[in-house]
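# Overview (structure and organization)
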Amino acid sequence: MSGPAHVTSGRYAPPAPARTLHAVSADGSRLYVEVHGAEGAPAVVLSHGWTCSTAFWAAQIRELARDHRVVAYDQRGHGRSPAGGRDYSTAGLADDLVAVLGATLAPGERAVVAGHSMGGMTVMAAAGRPEFAEHAAAALLCSTGSSGLVAGATVLPMRAGRARTRMTRAVLGARAPLGPVTPAARAVLRYATMGPGSAPDRVEACARIVHGCPAPVRHAWSKVLAGLDLDAELGRLTIPTAVIGGRDDRLTPLAHARRLAAALPHCVGLTELTGAGHMTPVEAPEAVTRAIRELTSRYLQVDKSGQSGTGNEKEKTA
């Protein structure tokens, strides 16, 4: 594509981090990590979705970093994280998240972990890991699902069934580069991933990020998503978890969010966003940021050493 893989001005331009580092995953893959905000503030960890990058969370980072320590990282093969060991799997996603938690949080320090799309699947995949249990106080799942993604997608205007599933798999798994961001490309991206009324600056922000994802990486992860089955792992996500979904989401239609909310052991709310598609952190930044803030205020507290703990520790020990 021509130009940078994100917009460079406006509310969706990525803010400069306070510091950067690389976390090393279980197979040796190096993950680019940004830390925003003051050390010792309540911690938030952001995990982006398929074909995206840390830039996708720009609006949340800019707002939350005023009074939180915000950690955002590039999933392997995305943004500034190289493909590394090429372990494209949900286990690899879980390995990467717990590596980031270990590299950025002190022993026993807790954070609210928010994931969008494949980032939400990352949270589910990591739910049974002891490292996740050590560091995650609460979670937010945005525009995501635990299984049946291709069969449930409504990107193609066809009747549900084998033919639509087969064609959807072919479209989402295409190997060809997306090419430059053109008016036609923006129109296709808005139709497939965003609500029909999405403002041009939001479409541009998403198009720059998505078109910046290398085609081989996009294809490799599409195969993982096509075979996704995290239903069992969802049952292990026992921390307080909120769910957000867009009513016009064609990639993970609202039925996924409703199933998640019904299946989660400790769901603390389902928000259905009218007019929003799949890219909820960009399409409805205030709603997503507000949901994260509600979780941090309810489930995190900062002790005198500046370390985040669970906000309901008294409740647990009473």
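Description of the structure in this document. (Residues numbered from 1 in each chain as written. Predicted model: local features only at pLDDT ≥ 70, side-chain atom pairs only at ≥ 80, totals over all residues. Heavy atoms only, no water.)

For the rest of this paragraph, the subject is helix 3 (residues 118–126). Counted residue by residue, helix 3 has 9 buried out of 9 residues, so it is predominantly covered. Considered for burial, the residues of helix 3 that qualify are M118, G119, G120, M121, T122, V123, M124, A125 and A126. (Buried < 20%, exposed > 50% of the residue type's maximum accessible area, 1.4 Å probe, protein only. Helix = DSSP H or I, 4+ residues; strand = E, 2+ residues; numbered from the N terminus.)

Before going further, it helps to spend a moment on helix 13 (residues 285–299). Between the first and last C-alpha of helix 13 there are 21 Å, a value that for 15 residues agrees with the 21 Å anticipated at 1.5 Å per step. All buried positions along helix 13 are accounted for by P285, A287, V288, T289, A291, I292, L295, T296 and Y299. (Expected span 1.5 Å × (residues − 1).)

To continue, consider the packing of aromatic side chains. What the rule picks out here adds up to 2 aromatic pairs. On the numbers, 6.3 Å between centres and 85° between planes, the contact of F56 with W57 is edge-to-face. We classify W57 as buried; its relative accessible area is 0%. Each ring, one from Y88 and one from W221, has its centre 5.0 Å from the other, and the planes form 85°; the classification is edge-to-face. Of this pair, Y88 sits in the loop between strand 4 (69–73) and helix 2 (90–104) while W221 sits in helix 9 (residues 215–226), and the two are 133 residues apart along the sequence. Taking the relative accessible area as the measure of exposure, W221 reaches 0% and is therefore buried. (Phe/Tyr/Trp six-rings, centres within 6.5 Å; stacked < 30°, edge-to-face > 60°.)

Moving on to the pattern of salt bridges. By the definition in use, this model includes 15 salt bridges. Measuring nitrogen to oxygen at the nearest pair gives 2.2 Å for the salt bridge that ties E109 to R69. In this pair, E109 is assigned in the loop between helix 2 and strand 5 (111–116) and R69 in strand 4, connecting sequence segments 40 residues apart. As far as the burial class goes, E109 and R69 line up, both buried. (Salt bridge = Lys/Arg side-chain N within 4 Å of Asp/Glu carboxyl O.)

Across the interface, helix 2 lies against helix 3 with an axial gap of 8 Å and an inter-helix angle of 85°. Taken together, the axis directions place helix 2 and helix 3 in an arrangement best described as roughly perpendicular. Residues T90, L93, A94, L97 and V98 of helix 2 touch helix 3, and the partners they reach there are M118, T122, V123, A125 and A126. For the contact of helix 2 with helix 3, the residue count by class is 8 nonpolar, 2 polar and no charged. (Axes fitted to C-alpha atoms, helices over the stretch in contact; angles between N-to-C directions. Parallel < 35°, antiparallel > 145°, perpendicular 65-115°, else oblique. Contact = heavy atoms within 4.5 Å. Nonpolar A, V, L, I, M, F, W, Y, C, P; charged D, E, K, R; others polar.)

Inspection of the secondary structure assignment puts T122 in helix 3. When residues no more than four places from it in sequence are discounted, the contact partners of T122 are S47, Y73, Q75, L93 and L97.

The subject of this paragraph is the sheet that holds strand 3 (residues 43–47). Here we have 8 strands laid out as an open sheet, ordered 1-2-4-3-5-6-7-8, and mixed in their pairing. Edge positions in the sheet fall to strand 1 (19–24) and strand 8 (267–273), since each has one partner strand and no second. Each adjacent strand pair in this sheet contributes to an overall mean axis angle of 20°, direction not counted. Across 6 bridges, the pairing between strand 7 (residues 241–246) and strand 8 is parallel. Bridge pairing links V243 to L270 in strand 8. Each of strand 3, strand 4, strand 5 and strand 6 (136–142) touches helix 3; the most contacted strand, strand 5, lies at about 130° to it. (Pairing = 2+ DSSP bridges.)

A separate point is the pairing of strand 5. Here strand 5 lies mainly inside the structure; 6 of its 6 residues are buried. Judged by which residues are buried, strand 5 turns out to be covered on both faces: A111, V113 and G115 on one side and V112, A114 and H116 on the other are all buried. Two elements, strand 3 and strand 5, share 5 bridges in a ladder whose sense is parallel. Its bridge partner lying in strand 5, L46 is registered against A114. The pairing of strand 5 with strand 6 spans 6 bridges and is parallel. For V113, the partnering residue across the bridge sits in strand 6 and is A139.

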